[in-house]
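Architecture and fold: a report
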Amino acid sequence: RKRLREPDWEPGNPNWKDHIHKMWSANTDKADAFALSIAPVLEELEEHGLTTLLGKAKALNARGIRTVTEKRWYPTTVKNLIARIEQLQKEDCQ
């Protein structure tokens, strides 16, 4: 409570600008690793004839596979995952 009365005091991390890049980078690395770990599952689903985003989302949910943030799959999240995998594969080829 005393800090609230101090005129220069601001809530939160005063050095957030110095650390935001590290946090963003760690989240991106985690998402990239997760995407590459799910890529074989998506290939297997396509081999079994599931070509739509909705079909893949339903299959991932039925298998109990959650997103990197532990949520359910939706067509948009599958689309974003596929785009991330394609981008990572493109970077590996270069």
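The numbering scheme is per chain: residues are counted from 1 as the chain's sequence reads. Totals for whole chains, interfaces and linings use every residue, but because this is a predicted model, local features are given only for residues with pLDDT of at least 70 and side-chain atom pairs only at 80 or more, for both listing and counting. Side-chain descriptors were evaluated using all non-hydrogen atoms of the structure, hydrogens and water having been removed beforehand.

Before going further, it helps to examine the nonpolar core. Ranked by size, the top nonpolar core spans 17 residues in total, and within it Leu42, Leu60, Trp73 and Leu81 carry the most contacts. Numbering of helices and strands runs from the N terminus, with a helix taken as a DSSP run of H or I at least four residues long and a strand as a DSSP run of E at least two residues long. Broken down by secondary-structure element, the contributors of at least two residues to this core are α2 (16-47), α3 (53-62) and α4 (75-93). Of all the elements, α2 adds the most residues to this core, at 7 residues. Only heavy atoms matter for contacts: two residues are in contact if any of them lie within 4.5 Å across the pair. In this view, leucine 81 contacts Ala35, Ile38, Leu42 and Trp73; residues no more than four positions away in its chain are not counted. In these notes, a set of buried Ala, Val, Leu, Ile, Met, Phe, Trp, Tyr and Cys residues joined through side-chain atoms within 4.5 Å is what counts as a nonpolar core. Buried, partly exposed and exposed residues are distinguished by accessible area as a fraction of the type maximum, computed with a 1.4 Å probe on protein chains only: under 20%, between the cut-offs, and over 50%, respectively.

Moving on, we come to the packing of α2 against α3. Angular values range over 0 to 180 degrees, each being the angle between N-to-C directions of two axes fitted as lines to C-alpha atoms, with helices fitted over their stretch in contact. It is at 11 Å that the axes of α2 and α3 come closest, and there the two elements cross at 120°. In this structure, the crossing between α2 and α3 has a hand that is right-handed. Every residue of α3 that contacts α2 at Val41, Leu42, Leu45 and Glu46 is listed here: Lys56, Ala59 and Leu60. Each residue is assigned to one of three groups, with Ala, Val, Leu, Ile, Met, Phe, Trp, Tyr, Cys and Pro labelled nonpolar, Asp, Glu, Lys and Arg labelled charged, and all others, Gly among them, labelled polar. Its residues assigned to classes, the contact of α2 with α3 comprises 5 nonpolar, no polar and 2 charged. In this scheme, a crossing is called left-handed if the near helix is turned counterclockwise away from the far one by less than a right angle; it is called right-handed if the turn is clockwise.

Counting all residues, the mean pLDDT for the protein chain is 89, and 91% of those residues have values of 70 or more. Predicted confidence in the protein chain is weakest over helix α1 (residues 2-5), with a mean pLDDT of 61, and strongest over α3, with 98. pLDDT measures how confident the predictor is about each residue, on a scale from 0 to 100.

Our next topic: the pattern of salt bridges. A carboxyl oxygen of Asp or Glu within 4 Å of a side-chain nitrogen of Lys or Arg is what we treat as a salt bridge. Summed over all chains, the structure comprises 3 salt bridges. For the salt bridge of arginine 84 with aspartate 32, the shortest nitrogen-to-oxygen distance reads 2.4 Å. A residue pair is termed long-range when its members are at least 10 positions apart, and arginine 84 in helix α4 and aspartate 32 in helix α2 qualify at 52 residues. Given the relative accessible area of 32%, arginine 84 is considered partly exposed. When the shortest N-O distance is used, the salt bridge between lysine 56 and glutamate 46 registers 2.7 Å. One end of the pair, lysine 56, is in helix α3; the other, glutamate 46, is in helix α2, with 10 residues separating them in the sequence. Under the relative-accessibility criterion, glutamate 46 is labelled partly exposed at 42%.

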